[in-house]
Amino acid sequence: FPQQLLPSFFLLYLLMYLFTLLGNLLIMGTIWREHSLHTPMYLFLCALSISEILFTVAVTPRMLADMLSTHRSITFVACASQMFFSFTFGFTHSFLLMIMGYDRYVAICHPLRYNTLMSPRDCARLVSCCWAGGSVMGMMLTLIVFHLTFCGSKEIHHFVCHVLSLLKLACGKETASVTMGVILVCVTALLGCLFLIVLSYVFIVAAILRIPSAEGRHKTFSTCVSHLTIVVVHYGFASLIYLKPKGSHSMDSNTLMATTYTVFTPFLSPIIFSLRNKELKNAIQRSFHRTFHPLSS
């Protein structure tokens, strides 16, 4: 970061960090209080909010502290812990988006079997699998990276323990193969989730097009808009950061883009779900009305 811009970025990231926490807590509190939202779709949304809060808390506070510090250093254990949590909650987020797509597929393509296929026990099992899968991925990738030998410069060109920046500091014969393996595992898992989401929406769109009335098609598709928007934002921004051509940006601009992505995408989620999901937006309004105008309700 250019030194003269650090205070501005610090303030921007701090406001986004606080809004991310408050926005996701508001969504969780509303889902908890409103019995009409005690459905599988909102259970998954609540789990998604938890993963975004934990991801933000694991990464952003340390980054904000380093932006104000003149001596930016991190211990080996702290760096490994930060990488583990960022991997865990990042993959959990992608897995949850995948099962939210599956939930929409079952609700639209198999509505008569929805209560059977998406029972509370099955939903809890799916959420548990997402968290378990994210934890396994986080532990496996962190152990692989930190079993490498690091020599020469100990300076990470990033404000967090970013895996690609850390792999550039490794040395030894196995470094190239490990680096390629880590990248392949991450890309395969994330693109696998994206493929299943896209496949779900292929069947969803086909089912919606068979609905005779335009109003019915619009009403059905509106239940998918917030989830589909989050998927586009999540994978669209990630593609801009990680799939851009090499050498197209300087190291400072790459760091700025990756750091902004880390803070920006969790910030957008509560905004999108609050504005694009009519049922959730109405529930939030009712909750505020009961809280601040209890006598008029």
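The preceding data block contains the structure.
Worth saying up front: this structure is predicted, and the values here are computed from it rather than measured.

The subject of this paragraph is the side chain of T142. Inspection of the secondary structure puts T142 in helix α5 (residues 120–146). The contact partners of T142, leaving out residues within four places of it in the chain, are A80, M83, F84 and F87.

Quick look at the pattern of salt bridges now. The tally for this structure, following the rule as stated, stands at three salt bridges. One salt bridge connects E34 with R286, and the closest N-O pair in it is separated by 3.3 Å. In this pair, E34 sits in the loop between α1 (6–33) and α2 (40–68) while R286 sits in helix α11 (residues 278–292), placing the two residues 252 residues apart along the sequence. Exposure remark for R286: the relative accessible area of 36% places this residue in the partly exposed category.

Considering all chains together, one arrives at nine aromatic pairs under this definition. By way of ring pairs, the aromatic residues F84, F85, F89 and W131 are connected into one cluster.

Applying the stated criterion across every chain, the model contains one cavity of 30 Å³ or more. Each pocket or cavity is described by its volume, and for the largest cavity that value is around 70 Å³. Taken together, M41, Y42, L45, M100, D103, R104, T223, S226, H227, F273 and N277 make up the full set of residues lining the largest cavity. Every element with two or more residues in the lining of the largest cavity is listed here: α2, α3 (76–109) and α9 (225–242). Classifying every residue of the lining of the largest cavity by side-chain character gives five nonpolar, four polar and two charged.

Calculation rules
- Residues numbered from 1 in each chain as written.
- Predicted model: local features only at pLDDT ≥ 70, side-chain atom pairs only at ≥ 80, totals over all residues.
- Heavy atoms only, no water.
- Helix = DSSP H or I, 4+ residues; strand = E, 2+ residues; numbered from the N terminus.
- Contact = heavy atoms within 4.5 Å.
- Salt bridge = Lys/Arg side-chain N within 4 Å of Asp/Glu carboxyl O.
- Buried < 20%, exposed > 50% of the residue type's maximum accessible area, 1.4 Å probe, protein only.
- Phe/Tyr/Trp six-rings, centres within 6.5 Å; stacked < 30°, edge-to-face > 60°.
- 1 Å grid on protein atoms, 1.4 Å probe; cavity = no way out; pocket = protein on both sides within 12 Å on 5 of 7 lines; lining within 4 Å.
- Points joined across faces, edges and corners; volume = space filled by probe spheres on them.
- Nonpolar A, V, L, I, M, F, W, Y, C, P; charged D, E, K, R; others polar.

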